[in-house]
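Reading the structure
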Amino acid sequence: MIKNLPKANDYENVSIECLIQAYNNIVTIDSYLTNATPREHIWEYNQVVLRTCLVLVHQGIEGLLKAVICNVSPLLLLDKKRSEWKTLPESKDESFDDLYTIGGEDLLRTFFGCQNPKNISPKFLNLYEEVRTKRNKIVHGTAKQKLSPEEVLKFILNTFTFLLGRDTFWNSVCSKFYGHPGFEFGDENIEWEDEYFYNRMDHLDFFLGKKELKKHFSVDISARPYLCPICTEKAEKITSKGIERPESKWAFLNPNKPGSTDMSCIVCRTDFGVVRQNCGINDCKGDVQYLIEEEDLGDNDIYVCLTCWKSKDDL
Ligand SMILES: [Zn+2]
Ligand SMILES: [Zn+2]
């Protein structure tokens, strides 16, 4: 008998770890950019990081394909002729981990044998081929080809969206980040990073653009953006210049309809209700407000405008 058969989740978890590690490697280097050294020089210097990321993406894709196959049977992953399986009664047990598993073309064909091809984007095959070819050159060649952080980021996002669905990239980034043990121990560094978590979305937007990014979210992020009360308040700081707040806008009416009173922030993944009333403060054209303070008597409730973050209290 073949023992210790893996579960689909085992493969899926490892794959997500690989993909998120690749993403984090890129963000980490970009977060230390300064105006002194041009970004292309930094990435020229860090080509080895991008090559490592690409190998991780390849491992991530293969693991996600294996997860789907595993749901049918992990035995389909074994790369050994059935006639050579040591499974007859007189044979000793074998552990799945000690056996070779399929890769490349065999893996792809088995995956599509276990999965309705209509459920997978036709673009997935191009992604797989591109990542596989580049990875082979890196692993077996002299790795002279140049990679850009943008192209690797796109490989990561597309892998998530094609194989796991929209929103899974960001949900996985968040689960990994909020699983950091530093939160448990009150580590100031990680808490500081949490306050500026929206920077990650700004980073993706800056280098990939909204058109590319919108493919990976179920909320329409090409619609008019608003300030998220949760993210904005979290990052609020009292400085010598007064109160400073981020201007980053990642909350959207959901659904994006004229009278809509529901909003979703894609950074903190919170849904909240809003009130549609005109702001007009300093000619602000915003008409989406959020109740920040409820008065007991009800007459003086304070609403903040999610376009300019002003409230009647500021007048
Ligand atoms: Zn938010
Ligand atoms: Zn306003």
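The following refers to the structure shown.

Here is what the cut-offs are and how they apply
Residues numbered from 1 in each chain as written. Chains lettered and ligands numbered in written order. Predicted model: local features only at pLDDT ≥ 70, side-chain atom pairs only at ≥ 80, totals over all residues. Heavy atoms only, no water. Salt bridge = Lys/Arg side-chain N within 4 Å of Asp/Glu carboxyl O. Buried < 20%, exposed > 50% of the residue type's maximum accessible area, 1.4 Å probe, protein only. Pairing = 2+ DSSP bridges. Helix = DSSP H or I, 4+ residues; strand = E, 2+ residues; numbered from the N terminus. Phe/Tyr/Trp six-rings, centres within 6.5 Å; stacked < 30°, edge-to-face > 60°. Donors = N, O, S within 2.8 Å, 3.2 Å for Na, K, Ca; no water. Tetrahedral: all angles 85-135°; square planar, octahedral: opposite > 155°, others 65-115°. Disulfide = S-S within 2.5 Å. Polar contact = N/O pair within 3.5 Å; in protein donor to acceptor, adjacent residues only side chain to side chain. Axes fitted to C-alpha atoms, helices over the stretch in contact; angles between N-to-C directions.

Under the definition given, this model contains 15 salt bridges. A salt bridge links Arg200 to Glu193; its shortest N-O distance comes to 3.6 Å. When its relative accessible area of 34% is taken as the criterion, Glu193 is described as partly exposed. One salt bridge in this structure joins Lys234 and Asp194, with 3.1 Å as the shortest N-O distance.

This brings us to the pairing of strand 7 (residues 270-273). As paired elements, strand 6 (residues 262-265) and strand 7 share 4 bridges and run antiparallel to each other. The residue bridging Met263 from the neighbouring strand is Phe272, located in strand 7. From the end of strand 6 to the start of strand 7, which pair antiparallel, there are 4 residues, and Arg269 there has a positive phi angle of about 55°.

Pairs of aromatic rings are described using the distance from one ring centre to the other and the angle between the two planes. Applying the stated criterion across every chain, the model contains 17 aromatic pairs. Considering the side-chain rings of Phe111 and Phe124, the 6.1 Å spacing of their centres and the 55° angle between planes classify their relative orientation as tilted. With Phe111 in helix 4 (residues 104-114) and Phe124 in helix 5 (residues 124-140), this pair connects stretches of sequence that are 13 residues apart. Accessibility expressed as a relative area gives 0% for Phe111, which makes it buried. Summarising the aromatic geometry, the rings of Phe169 and Trp170 are spaced 6.4 Å apart at their centres and angled 50° between planes, so their arrangement reads as tilted. Each of the two residues, Phe169 as well as Trp170, counts as buried.

Octahedral six-donor coordination of a metal ideally yields angles of 90 or 180 degrees, compared with 109.5 degrees for tetrahedral four-donor coordination. Taken together, Cys279 (SG), Cys284 (SG), Cys305 (SG) and Cys308 (SG) make up the protein donors of the zinc ion (ligand 2), found 2.3 to 2.4 Å from the metal. Viewed at the metal, the 4 donor atoms of the zinc ion (ligand 2) are separated by angles of 106 to 116°, and the geometry they form is tetrahedral. Of the residues examined, Cys279 reaches a relative accessible area of 15% and is grouped as buried.

Put plainly, a disulfide is one covalent bond tying together the sulfur atoms of two cysteines. Tallied over the entire structure, the rule returns 0 disulfides. We note that Cys70 lacks a disulfide partner, and the nearest cysteine sulfur, in Cys114, lies 9.7 Å from it.

The next thing to look at is the environment of Ser175. Within the element layout of this structure, Ser175 appears in helix 7 (residues 168-178). Taking C-alpha positions, Ser175 is 19 Å from Leu56, a pair spaced 119 residues apart along the chain. One polar contact links the side chain of Ser175 to the main-chain carbonyl oxygen of Asn171, over a distance of 2.7 Å.

Turning our eyes to something else, we now look at the sheet that holds strand 7. The 3 strands lie next to each other as 5-6-7, forming an open sheet whose pairing is antiparallel. Looking at strand neighbours, the two that pair on one side only are strand 5 (251-253) and strand 7, the edges of this open sheet. Neighbour to neighbour, the strand axes of the sheet diverge by 25° on average, direction disregarded. Strand direction decides the pairing type here: strand 5 and strand 6, joined by 3 bridges, are antiparallel. Within strand 6, the residue paired with Phe252 across the bridge is Ser264.

All right, on to the coordination of the zinc ion (ligand 1) then. Looking at the zinc ion (ligand 1), the protein donor atoms are Cys228 (SG), Cys231 (SG), Cys265 (SG) and Cys268 (SG), and they sit 2.3 Å from it. Between the 4 donor atoms coordinating the zinc ion (ligand 1), the angles at the centre fall across 105 to 114°, so the site counts as tetrahedral. When the donors of the zinc ion (ligand 1) are listed by position in the chain, the intervening gaps give C-x2-C-x33-C-x2-C. Here the residue Cys228 occupies a position in the loop between helix 10 (210-213) and helix 11 (229-234), and Cys268 occupies one in the loop between strand 6 and strand 7, the gap between them amounting to 40 residues. According to the relative accessible area criterion, Cys228 is buried, its value standing at 2%.

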